[in-house]
Amino acid sequence: SINAAIAAATNTADLAAFVTGVLDPRASALLYASNLVTSQVINATTVQFNRGQSGNAIIASYAAVEFTGSNWAVQRIQHQYAAAGAVETENLGSNVGPQNAFVHVQKRNTAALNGVDEYGHQVWISADNQLSFQLRAGATTPASQFSVALVIYNPYMQVIKGSGTLTITGLSPFTGN
């Protein structure tokens, strides 16, 4: 792990550390698990970044965001998987539901897993006060895989989410403004 100094936050309960990008500067990288990074707030002036695998030096970008105002709340939920393909749940604080909260998700693996199925995960607010996690079926050693969910909640925020799944095939170039 590595710590990063940030400008002092007023309220660490409303502070979220978002991983915004990870770059492996090597031309050929084979240990993909070393590129997975999760974050956590240590105190008002420090955020910490964790990798499940050591090895090559990587470059990570981040944003520490303090949600100000009395209506905001941030929860950090870390989940260790028990089984691949199964929906697993964690409890959230009261009054947190899909209509007034959103999730930013991070992942890390503590074993050298190189199959594509080892990197996918789905995390969502599945019901009021409940967060669901799912690894892709076929992923090996689920116990060495961790998801971190930053749940950002505001009772006056309206979150509009899609339903179902999207299947994207081929190239989909951006054609908007």
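Scroll up for the structure.
This report concerns the structure included in the present document. (Residues numbered from 1 in each chain as written. Predicted model: local features only at pLDDT ≥ 70, side-chain atom pairs only at ≥ 80, totals over all residues. Heavy atoms only, no water.)

## As for the nonpolar core
Thought 1: By size, the foremost hydrophobic cluster in this structure holds 14 residues, and its most contacted members are Leu-92, Leu-131, Phe-133 and Val-151.
Thought 2: If you look at the next biggest cluster of nonpolar residues, it comprises ten residues, including Ile-6, Ala-17, Phe-49 and Ile-58. (Core = buried A, V, L, I, M, F, W, Y, C linked by side-chain atoms within 4.5 Å. Buried < 20%, exposed > 50% of the residue type's maximum accessible area, 1.4 Å probe, protein only.)

## A few points about the packing of aromatic side chains
To describe a pair of aromatic rings, one takes the distance between the centres and the angle between the planes.
Thought 1: Inspection of the entire model under this criterion finds three aromatic pairs.
Thought 2: Here the aromatic rings of Phe-49 and Tyr-62 are separated by 4.8 Å at their centres, their planes lie at 45°, and the arrangement is tilted. Linking Phe-49 in strand E4 (residues 46-51) with Tyr-62 in strand E5 (residues 59-66), this pair joins segments that are 13 residues apart in sequence.
Thought 3: With centroids separated by 5.1 Å and ring planes inclined at 40°, the aromatic side chains of Phe-67 and Trp-72 adopt a geometry described as tilted.
Thought 4: The partly exposed category is assigned to Trp-72, whose relative accessible area is 23%.
Thought 5: The ring of Phe-146 is capped by Arg-108, whose NZ or CZ atom sits 5.0 Å from the centre of that ring. (Phe/Tyr/Trp six-rings, centres within 6.5 Å; stacked < 30°, edge-to-face > 60°. Helix = DSSP H or I, 4+ residues; strand = E, 2+ residues; numbered from the N terminus. Lys NZ or Arg CZ within 6 Å of the ring centre and 35° of its normal.)

## Some thoughts on the sheet that holds strand E1 (residues 2-5)
Thought 1: Strand order in the open sheet formed by three strands is E1-E4-E3, and the pairing between neighbours is antiparallel. The strands lining the two open edges of the sheet, one partner per strand, are E1 and strand E3 (37-43). Going from strand to strand, the sheet's axes swing by 30° on average, the running direction of each strand aside.
Thought 2: Where E3 lies against E4, six bridges are found, and the strand directions are antiparallel. By the bridge assignment, Val-37 is partnered in E4 with Arg-51. (Pairing = 2+ DSSP bridges. Axes fitted to C-alpha atoms, helices over the stretch in contact; angles between N-to-C directions.)

## Topic: the sheet that holds strand E7 (residues 87-91)
Thought 1: Reading across from one edge, E7-E10-E9 is the order of the three strands in this open sheet, with antiparallel pairing throughout. Of all strands in the sheet, those with a lone pairing partner are E7 and strand E9 (121-127), marking the two edges. Strand-to-strand twist across the sheet, computed as the mean angle between neighbouring axes with direction ignored, equals 30°.

## Description of the pairing of strand E10 (residues 130-135)
Thought 1: In the sheet, E7 pairs with E10 via five bridges, with the strands oriented antiparallel. Residue pairing in the sheet places Asn-91 in a bridge with Gln-130 of E10.
Thought 2: In the sheet, E9 pairs with E10 via six bridges, with the strands oriented antiparallel. The residue of E10 that forms the bridge with Val-123 is Phe-133.
Thought 3: Between the antiparallel neighbours E9 and E10 lie two residues, among them Asn-129 with a positive phi of about 65°.

## Some remarks on unusual backbone geometry
Thought 1: Unlike most non-glycine residues, Asn-129 shows phi in positive territory, near 65°.
Thought 2: Mapped onto the elements, Asn-129 comes out in the loop between E9 and E10.
Thought 3: The partly exposed category is assigned to Asn-129, whose relative accessible area is 27%.
Thought 4: One non-glycine residue, Thr-141, lies in the positive phi region at around 40°.
Thought 5: Counting through the fold element by element, Thr-141 comes out in the loop between E10 and strand E11 (145-153).

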